[in-house]
Structures are given as C-alpha cells and as structure tokens.
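# Geometric and topological summary
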Amino acid sequence: MLGMSANSVSYNDQGSVESGVDAVQESIPTTTNLGLFSAEFKKNDDLKEMLESNKESLKLDAMRRVVELIAKGKNASHLFPAVVKNVASKNIELKKLVYVYLVRYAEEQQDLALLSISTFQRALKEPNQLIRASALRVLSSIRVPIIVPIMMLAIKEAATDLSPYVRKTAAHAIQKLYSLDPDQKELLIEVIEKLLKDKSTLVAGSVVMAFEEVCPDRIDLIHKNYRKLCNLLVDVEEWGQVVIIHMLTRYARTQFVSPWRDDAVFDENSEKAFYDSEEEKRKDQSKPYIMDPDHRLLLRNTKPLLQSRNTAVVMAVAQLYWHLAPKHEVSIVTKSLVRLLRSHREVQYIVLQNIATMSIQRKGMFEPFMKSFYVRSTDATHIKTLKLEILTNLANEANISTILREFQTYVKSQDKAFAAATIQAIGRCATNISEVTDSCLNGLVLLLSNRDETVVAESVVVIKKLLQTQPSQHSDIIKHMAKLFDNITVPMARASILWLMGEYCEHVPKIAPDVLRKMAKSFTSEEDIVKLQTVNLAAKLYLTNSKQTKLLTQYILNLGKYDQNYDIRDRTRFIRQLIVPNEKSGALSKYARRILMASKPAPVLQSAFKDRDRFQLGTLSHTLNATATGYLELSDWPAVAPDQSVRNVEVVEPVKETGAPALSKSKPGKSEKKFYSDSEQEEEQEEGSSSEDSSSSSEESGSESESEEDSEESTKSSSQSENSSSESDSDKKKKTQRNKKLQQQKSASKYRSAVKVETKSGSESGSESSLSENSSESGSGSEPESDSDSGTDQKTKAKHKPVKSKPVTKVDQKEVSLLDLDDFSPAPLTTPKRSILSPSLLSDLQGLSIATSASALQASSPVFVPETSHELLHRMTGKGLSAQYRFTRQPCIYGNNMVSLQLTLSNSGDQALENIHISERSSTGQDIHRFNTIERLEPQASVTVSMGADFNDSTQAANFQLCTKEDEFSVSIQPAVGELLLPVTMSEPDFTKEQSKLVGMNESSATISMAPDNASSQSINRKVVSVANLGVVTSDQDTIHRFAGKTVSSGSLVLVSVTLRDSDALITINTEKTVIASMLLRQLKTALMNSAT
C-alpha cells in the first residue's frame, strides 16, 4: 500500500487520484463474501486499536490495510469512527489515506462525517493541493441539505485556487451539489462561467462536464471560450476530450450554416485559420456559401484525434464529422473506425452499430474496406449480425456476386440465429438488387432441403416475401414448397406456406385443395398461427373453388368454432358470416372476394438501422434505439448563421497559465517565443524554416512538461508554478525585445519554409509528405498574418503566394498518418456492371462454395481419357447385379459443379432384374444426379448409363444405395484427385499472370530425380495428363512444361508446372485448394519418378 500512496502523487497531473477514488466507490460491493482471499490476510481485529494508538507509524500501517480492504471489496464501514478521528493528523501520507476512506464512506455515515465539518473546512486552507482537493471531495460527498451553503462557499473558493487540480475538483463538486440542491443553479452557473475561462487543460474537461449537467442550454457561456476550447482540445485528457467534442458538436449545430447545401463552396480559403484578412472576406462574399472559419477550426483541430489510442475519443470525432463536416470530408473517419474493429468485442459492438447507421446513407465510405466486415468464426453472435447488416447495406450491382458468395458460407454456420439472419440478408439483397432476385430465389429454394429446421423456416419466410413481388412467374416454387410441407415442422414456416397457397391459389388450382385436405386432418394439433392461416386458406379456396372445397371448409370452420383459443374462434365466426351468405349476413358478404382476394402490397425488406439516424451517433440513445434519460437532441442547422462576432476575444497579454498550450493565433509573436533563450533565437534565425519547425515542436513539449509541473501532487510543485508565473512577469521586457527582433526575420523564414515544402511535395516519399502536411497544418494559424506583416519586396510576395497554395493541395492528396495500414489499402471498385450475374452465380448459390474468377474460364476437351473402369458392385454381393464406373473427364450435362460418370450395369444371373435405380443424395452429403430408372434388365445383358456427382472438391467417397425391386446395395464411388478437375485453355502469359497471384500458402512444390527416358516432353505430358484431367499450355521453352485446369465444383484454378534442371525436375502446383495441391503433388511425384513404360 506504500506503492499505492506514492503512485497517487505521481498521477496528480491527470487527476487519477479522483478517478481512482471514484472507481473504488463504484466497485465496492456491500457483501463481504470473498472467502478466496480471507486466508491471505491477517485478522483485522487489531485495526481499531492501531488507529487509536499514539504512534503515527501504527496509524499509517492500519490505514494502508484499511484502504487495501476497500480495494479488495471488503466492508470497512465499521471503522469509520476510528478513521475520522485521524482527519486532523499532521502527517500528510496519513491524511491522504484518511480522505480516500472518507470519500468512500462519507455518504453512508453522514452523521459522523458532519462532526468533522470544521476539520474539512480547515483542510481547504492547507498548503498541499492534494489535501485541499480531497477535503472538497469529501465535503461534496456528504449529501445532507443542511451543509449546502458550506459546500457552495467551498466550491467558490476552490474555483479561484491557484492549483488547477483543485479547480478541477471544484468542477466535479458542482455536479454533486446540483444533484443535491437544484435551486443553487444560478449560483453554480456563475462558478461555471468563471471556470470556463480557465486556460488549464486539466480543468477544461471537468468544467464542460459540469456545464452539460447543470446548464446545457446556456450556449452563450461558450461563445467567448469556443476558440480556446478548440485549441486546447488536443492537450486535454482523453475523457475530457470526449465531453468537449460532444458539447462542441451541439454548439456548432446552432451557430453555423449547414455545409451540406448544394451551392456549398470548399476551396483553399476554407482551410485557413479563422482570422481571415478583410480582402479575403470581401472576395468570398460573392460566393453563395463558404464555411465559417470557426466551423473549419473545429474540424481541423479534431482531425488529429482520430489517431487517439482511446476508442471513445475516436468515436466522438467520427460522430462530429458525421454531423458537422461537408459530405466529401466525412470519409476521413473511415480508416479510424475500421481500426477500432481490432479492439475488444464490446468496442466492436458500439462501432459496428454506428457504422451500420452510416453505411445506409453513404455506402461509398466503407465499400473499399468491405473485407474488414467479413465474419470470423470467433466472433460473437451479436458481432456477426452487425457485420452481416453492414455487408447487406454495402451491397450493390458491382459487389453483389462477392457478397452472395460470402453469404453462402454463413448459411452453413453452426450458429442457427446467425444462419437465419444470413437468409434474411439474402432476401434483402434480392429485393434491393433486381438483377439477382431470381438467382437468390433459386438458392433459397435449395435451402428448403436443408436438414436444419431453422434454416428451412427462415428460407420459407423470406421466399414468401420475395414471391409477393412477382408471383405469377414462380408457380413452380410454390409447388415445390407444397411438396415439402409435410417435412416442415416450424410453425412460422408452415403458416407462410399456407398463406402463399391461399394468396396464389389460382396459380396452383390442383395443389391448394390437397394441402387443405392435409391440414383438415391435423388441424387440432397445429399451433395457433398455423390454424389461423388454415382458416384463411379454407375461406379463399371456398371463394375460388367451392366445388372441391365446400365440405372441407365447413369441416374446418366447425373445428375452429370450438377451438380453445379465442382468436381462432373469433376468426372462424367472422369468416363463416363473410363467405357463407344467409339471412343474418348483411351486405358485407357481397364483397367477400374483394376483401379476401385483394392484391396486397409486397413487403419492404429494410435495415433495422434505417431510423436510428434520428439519434446522435455514439450516444446511448442510438445504441438502444430509444431516447435515454438526459439525451440532448441535435438541433437543425440554422437557416441564417448567427453573428460570429460573439466569439471574438481581445487578447491583452500572453497566456500565463502553464496548463494551456499557447495556441492563440491573434498574437503569434508572443505565444511562439515564450520558451526560448536569446541563443536559441539566434540559431533559429540562422537555420531558417527547418529550425522553425523543430522549435515549434519543442514548444509543444515544453508546454506539456510545464503542464505536468502545474499538476504535480506535492507542495513543491505548487510553489514552483507560482514562481514560474512571477518569473514570466519579470521577463516580460526581454521577451518584447526578442519579439521585435524575430518579427523582422519571420517573412524570410516563412518563404524558405514554403519553398522547402514545395520541393518535398513532388517526391514520392510518404513520410516526407506527412511531415510537410504536419508543418503546414501547425503553421496555418500564423501564415495569413505573416503574409500581411512581411516587409519584403513585391517580387518576394509574388513568389510567396503561389508557392504557398500549391503544396497544400498536393500534401492533402498524399496524406500519410498512423492510420495508413498495409492491410487497409482499399481495393479499386472497377467491376463492370455487365458482370453482375456471372454464369456461375447460380451454381455458387447451389453449391454453397466460394468461387474465384477462374469460374469464367471455359473448359476445353480432355487431352487424355483413361479407359480404366472401377468396380462399384460385385456380382456376388449384388445377387447377380454387377456395376462398374469410369470417369469420362467431360463437362457434366447435369450440373456445372458435377463430375461426369459412366456406369455399366450387368445382369450375370438367370433372372431378369427390375426397377434398377439409385438414391438421389449420398449418405455423406454429396449431390448425385440419378440416371433414369431401368425398368427391366434381362439375364446376361448389360446397359450403360451416365450420372453426375458433386464431390465438393473433395476425395471423400460418395456413398449411396443402388436398388432393385427387391434389394438395396450400399455402394461408394471414390474419386481420384485428378478426376476432380476440368482442363482449361490458357496462353503462356495468362498462365504466368495467374500463377503470380497464387503464391505463398497457395503454392506447393517438390524436387524429384527423373530418369533420362522420362525427361522428354511427350513423356512428361503423357504422365501428367494421365494423373490429372489438365490442359496443356503451349510453350516455346523446352525445359518448362505447363498444365492448367480448374476444380469442377468451385471453379478454382489449378496450375501445374514441371521445370527440368539437369537430372532433376521441380514440380510446382498453384491453387487455392491446398488439400488438392498436396494430394496431386504426391501423385505427380510418383508418376514422374517411375521409369517409362
């Protein structure tokens, strides 16, 4: 615990004492059930005696143990009387620990704490800033209305304290006092107004937080402090940056005109500092719109924070740019948001939610980084769903093929909720992009045969919505769904099929009545939603086909009349009165057909994030999609900009507060020369612009170090800060003389700097571009005035202006920052529109595999077709029926992703065999195209048939049943790896180009020793094509033999090259299918090493 108290001193500059205590307050549970640690600690019975002893060392040791107990979650409230007695101790270390304890328990033990009020008041006068701040914190933690006047007085005194840390604590106490007594609002606003003028970076975040809590509508308090807050922003601690950015976002929406207007103008002038010259202002008045300089100041000063390590800061800047920046500038936040996706899943969730909202309105922002939103197997379900949402939002005609291939993998996920969400996403893509509607529908229909009920049910629901767009063209799909009705058990899916049958019963007049007949049998055992749709189906069929369905309808209506659910009973009575006319029914029955059979609008499948843009990004309300307590809505842009002169501030003297960086642009001479000696000024004059850049960076570091000195947690640091301020007053005359001397050199220095930047802007070095951009941005505030103040001749001025404007534009084009990561280089979006529906898109949907660009290559005729047959069924096992198969190496006519096979069936028995056929799907999951049933095979006769099998680019055997009228035989086809390929025609340059793309993990190679008789071109070609169904690539080189093919199922390229080297040969295989490559490499090695036959 000694280390803990020591650390509390070193953290003073960031206010971590307060945050640490607050963290302890929030994390301490009331339970003492921590048996895991109880054995490690001593008995704490002696703590009270130690605290009441006369020895300071025993008290200090006891307090360390008490604070340790609090940190571990133990309840130490029973020691409050003994601890509070030591609040008047003169030992600084002991007093610090006592105040840490009191902050934790003052609210619980209010009566005892009140007894020490006078001690806390005396502590407010202590010379140590930590003690003063701790006393104020304890005082504000005693939530008793009777001490409100005392707290108010203490806050007013602390607000004028010399220590910025104490002033920061006063800002925190304002919020506590306001929650205790809201009637003190006006007095607290006066204190806030005073603290807003504070130039310390330590105070800025805390006072803005108090402003947001107490008087967020008093934007008039911000006017004079707006530019100061913008300039201080980069040096404020991280959580203060978040608060200030959100406040400035609201402020900007009330004070500036919308930059989203059509006549908006954004040029070089808009990038300048907010103190434009009068000539520039008059020149801009002729333009319809130009951004307010203060608006530009906010955007420029928040941009560097996109590189912050704190994710909340990055998110705050991103929402600021989204709500305030011109549309063409918003995209600069994209890389920063994508970078945050590497963080924890909690951060990913919030960032993805905001990206989902942004991607609806501006797809182009995130489209280059689409791969960053691909789902990983390790992602949680809620992360997967959000990434899926974003991918769906980004879908367009150019990338839909890629996205749909990605979705095929997601459908096979073991996460059922995610698989169902993927099917909904496919449905949304189909409705948004009409070119792929048919392909998506066919793919979804194939999913109806899936073994998983969740996938089938979601597919039915999505198909139902898609069919409403063009039902007349898809009667076959409705028929197919009717056939699968008996196998579907999920209530929502069954209800959707029944609704389709009733809505489009005229398109399936023969099937709908049969479905109603089946439902009449199982009506009593169905779920309520299915029963309701059954009643609707019966009513619609009664109106359109009463001859067949009249009795069925009456039977179902009678069942529904006595159902246990009152909704079904009410619906049944209503339907009966509507469709069955009698003397009691009124005129409504005449319009029964028009009511029930009315055309219904197709449902609109839209994003769940479509209406979330009404909330400010990054807020709790946006995350919950509901207005949270304390949420402040963004106001609309004003039609006419308010008077901008309210933000003008007259600067009388340079900034004395060491916590505030000297960024005032109205007096660059004084603010930039605060930290330099005479010798440094002379060196700067000699070195020119490069020295000026380095001196500006040293100024920043000096400002930061001085800010740290201001906030140190000891009495020594406080006295040092006071001495430094007095020294700055005494050195005022010297600095004034230096300012005059340097002012004469500033113009020439700026000219040399501009020439240097122009030289760098033409080079290709990214680092130089980054440096030149940083120097131009850091100096942008003083450039306009240095132009007007320079005393050079006309020639120098004429050269200076074009040189200044030229590198700015070039640097912007070659912007380099920490966010420029290698893996985030955006892919060029040049996919032609005509390639939206490639010939393999439907096969991709059916095969549920990821295809490559090689699928567009046309298969050529096989170079070699083996005549070898393999035994499928022996005549003894098959009871007279024998079967052999061979691979034809031809494209399969039954499907682009199937391997073509030829079967020879023979009857070696004495009796004819009847009804010979095979099962449609293998037991291992491969799709098999059956040959037509052979009605009769006479004894000693043979017949040859063709079939197809989709091995999914795997050598796994396809197991299925070969059946006759009496028997079933289990058989299997084991494909060789070479039979899973199709040859393609390819030129040598194309081969080299594609091979260069398939390197690294996609390349397998081996060196073998070859016999001389095997080294001829004819021998190598014969052996390679006998092993694998590949095409020969013609080549002028005798030592390199190339072969090309593609996998049958997914269309992935397989490139084989054999390079001869004396007596050795290098076999290289390039393909994405690494398993196929390793197996093929092993077989080629065996074939080429054998002697020629």
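Presented here is an overview of the structure given in this document.

### Here's the deal with the nonpolar core
Counting 202 residues, the largest nonpolar core has Tyr101, Leu102, Leu337, Phe373 and Phe407 as its most contacted members. At 10 residues, helix α19 (residues 311-324) tops the list of elements feeding residues into this core. Beyond its immediate stretch of four places on either side in the chain, leucine 337 contacts Met315, Ala318, Val351, Ile355, Met358 and Phe366. Listed in part, the 30 residues of the second largest apolar core include Leu872, Ala883, Leu903 and Leu980.

### Here we look at the packing of helix α30 (residues 528-544) against helix α31 (residues 546-561)
Between α30 and α31, whose axes approach to 8 Å, the crossing angle comes to 150°. Judged by the angle between their axes, α30 and α31 are roughly antiparallel. Handedness of the crossing formed by α30 with α31: left-handed. Between α30 and α31, the contacting residues are Thr534, Val535, Ala538, Leu541, Tyr542 and Thr544 on the first element and Ser546, Thr549, Lys550, Thr553, Ile556 and Leu557 on the second. Grouping the amino acids of the contact of α30 with α31 by side-chain chemistry returns 6 nonpolar, 5 polar and 1 charged.

### Points about the sheet that holds strand β6 (residues 934-937)
Ordered in space as β6-β4-β8-β9, the 4 strands form an open sheet in which the pairing is antiparallel. Every other strand in the sheet has two partners, leaving β6 and β9 (968-973) as the edge strands with one partner each. Pairwise comparison of adjacent strand axes, ignoring direction, gives a mean angle of 30° for this sheet. Pairing geometry for strand β4 (residues 913-918) and strand β8 (residues 958-963), over 2 bridges, is antiparallel.

### Here we look at helix α46 (residues 1074-1089)
Because an α-helix completes one turn every 3.6 residues, residues spaced three or four positions apart along the sequence face the same direction. With 16 residues, α46 extends 22 Å from end C-alpha to end C-alpha; this agrees with the ideal 22 Å at 1.5 Å per step. Those residues of α46 lying buried are Ile1076, Ala1077, Leu1080, Leu1081, Leu1084, Ala1087 and Leu1088. Each buried residue of α46 lies within a common arc of 135° when the element is viewed along its axis, so the set occupies one face. Along α46, the residues that are exposed and aim more than 90 degrees away from the buried face are Val1075 and Arg1082. Each element contacted by the buried residues of α46 is listed here: β10 (981-983), β11 (1003-1009), α45 (1017-1027), β13 (1040-1047), β14 (1053-1061) and β15 (1064-1071).

### Here we look at the environment of threonine 544
Mapping threonine 544 onto the fold places it in helix α30. Residue threonine 544 is classed as partly exposed on the basis of its relative accessible area of 28%. Expressed as a C-alpha distance, the spacing of threonine 544 and arginine 593, which sit 49 residues apart in the sequence, is 8.5 Å. Residues in contact with threonine 544, not counting those within four places in the same chain, are Cys505, Glu506, Arg593 and Met597. Within the structure, threonine 544 has its side chain in polar contact with the backbone oxygen of lysine 540 (distance 3.0 Å).

### Description of helix α18 (residues 293-302)
In terms of burial, α18 is a largely internal element, 10 of the 10 residues being buried. Turning to α18, its buried residues number three or more, namely Pro293, Asp294, His295, Arg296, Leu297, Leu298, Leu299, Arg300, Asn301 and Thr302. Where the residues of α18 are buried, they touch α15 (226-232), α16 (238-255) and α19.

### So, the environment of valine 347
Following the sequence through the fold, valine 347 ends up in helix α21 (residues 345-361). Once you skip the residues sitting within four places of it in the chain, valine 347 turns out to touch Thr311 and Leu340.

### Regarding the pattern of salt bridges
Under the definition given, this model contains 30 salt bridges. Here aspartate 563 ties to lysine 531 by a salt bridge, and the two come within 2.8 Å at their closest N and O atoms. Separated by 32 residues along the polypeptide, aspartate 563 in the loop between α31 and α32 (566-579) and lysine 531 in helix α30 bring together distant segments of the chain. Here aspartate 563 falls in the buried class, since its relative accessible area comes to 11%. Across the salt bridge formed by aspartate 967 and lysine 879, the nearest N and O atoms sit 3.1 Å from each other. Taken together, the positions of aspartate 967 in the loop between β8 and β9 and lysine 879 in the loop between β1 (870-873) and β2 (881-891) put the pair 88 residues apart, joining distant regions of the chain.

### Describing the side chain of lysine 531
Look at lysine 531 and you get buried, because its relative accessible area is 6%. With residues up to four places along the chain from it excluded, the contact list for lysine 531 reads Phe523, Thr524, Glu526, Asp563 and Ile568.

### Quick notes on the packing of helix α10 (residues 129-141) against helix α12 (residues 164-180)
As a packed pair, α10 and α12 sit with axes 9 Å apart at the nearest point and diverge in direction by 5°. On the basis of the axis angle, α10 is roughly parallel to α12. Of α12, the residues touching α10 (which contributes Gln129, Leu130, Arg132, Ala133, Leu136, Arg137, Ser140 and Ser141) are Tyr165, Val166, Thr169, Ala170, Ala173 and Lys176.

### Here we look at the sheet that holds strand β7 (residues 942-950)
In spatial order, the strands read β1-β2-β3-β7-β5; together these 5 strands make up an open sheet with antiparallel pairing. Of all strands in the sheet, those bounded by a partner on one side alone are β1 and β5 (927-929). On average, each strand axis in the sheet is tilted by 35° relative to the strand beside it, whichever way the strands run. Looking at chain direction, β1 and β2 are connected through 3 bridges and run antiparallel. Across the sheet, histidine 870 pairs through a bridge with tyrosine 885, a residue of β2.

### Focus: unusual backbone geometry
For asparagine 625, which is not glycine, the phi torsion reads 60° and is therefore positive. Within the element layout of this structure, asparagine 625 appears in the loop between α34 (620-624) and α35 (668-672). For asparagine 625, a relative accessible area of 23% corresponds to the partly exposed category. Residues other than glycine seldom take positive phi values, yet aspartate 953 does so here, at roughly 55°. Tracing the sequence through the fold places aspartate 953 in the loop between β7 and β8. Of the residues examined, aspartate 953 reaches a relative accessible area of 12% and is grouped as buried.

### Things to note about the packing of aromatic side chains
Summed over all chains, the structure comprises 12 aromatic pairs. For the ring pair tyrosine 99 and phenylalanine 120, a centre distance of 6.2 Å and an interplane angle of 50° mean the geometry is tilted. Pair noted here: tyrosine 99 is in helix α7 (residues 92-105) and phenylalanine 120 is in helix α9 (residues 117-123), with a separation of 21 residues, a long-range link. Residue phenylalanine 120 is classed as buried on the basis of its relative accessible area, which comes to 0%.

### Details of the environment of leucine 1088
Relative to the helices and strands, leucine 1088 is located in helix α46. For the pair formed by leucine 1088 and valine 1027, sequence separation is 61 residues and the distance between their alpha carbons is 9.9 Å. Residue contacts for leucine 1088: discarding those within four places in its chain leaves Ile1008, Met1010, Asn1014, Ile1020, Lys1023, Val1024, Val1058 and Ile1067.

Quick notes on the rules
- Every chain is numbered on its own, with residues counted from 1 as its sequence reads.
- Owing to the predicted nature of the model, reporting of local features is limited to residues with pLDDT of at least 70; listing and counting of side-chain atom pairs is limited to 80 or more, with chain, interface and lining totals taken over all residues.
- The side-chain numbers reported here are obtained from all heavy atoms of the structure, hydrogens and water having been left aside.
- Take the buried residues of types Ala, Val, Leu, Ile, Met, Phe, Trp, Tyr and Cys, join any two whose side-chain atoms come within 4.5 Å, and each joined set is a nonpolar core.
- Here's how the labels work: a residue is buried when its accessible area is under 20% of the maximum for its type, exposed when over 50%, partly exposed in between, all with a 1.4 Å probe on protein chains only.
- We count a stretch as a helix when DSSP gives it H or I for four or more residues in a row; a strand needs E for two or more, and each element gets its number in order from the N terminus.
- Should any heavy atoms of two residues lie within 4.5 Å, those residues are counted as being in contact.
- Axis angles are defined between N-to-C directions and span 0 to 180 degrees, where every axis is a line fitted to C-alpha atoms and, for a helix, only to the segment in contact.
- When describing relative orientation, an angle under 35 degrees is termed roughly parallel and one over 145 degrees roughly antiparallel, while 65 to 115 degrees is termed roughly perpendicular and anything else oblique.
- Handedness of a crossing follows from how the near helix is turned relative to the far one, being left-handed for an anticlockwise turn of less than a right angle and right-handed for a clockwise one.
- When residue character is reported, Ala, Val, Leu, Ile, Met, Phe, Trp, Tyr, Cys and Pro are called nonpolar, Asp, Glu, Lys and Arg charged, and the others, Gly included, polar.
- Note: two strands are recorded as paired if DSSP finds a minimum of 2 bridges between them.
- Helix span is expected to be 1.5 Å times the residue number reduced by one.
- Taking the helix axis as origin, the arc is that swept by the directions to the C-beta atoms.
- Two N or O atoms count as a polar contact when they lie within 3.5 Å, although within protein this holds only if one can serve as hydrogen donor and the other as acceptor, and sequence-adjacent residues are included solely when both atoms are side-chain atoms.
- One speaks of a salt bridge when a side-chain nitrogen belonging to Lys or Arg is within 4 Å of a carboxyl oxygen belonging to Asp or Glu.
- Planes of paired rings set the category: under 30 degrees apart is stacked, over 60 is edge-to-face and the rest tilted, where pairs are Phe, Tyr or Trp rings (Trp by its six-membered ring) whose centres lie within 6.5 Å.

Purely spatial values, then, with no claim about function.
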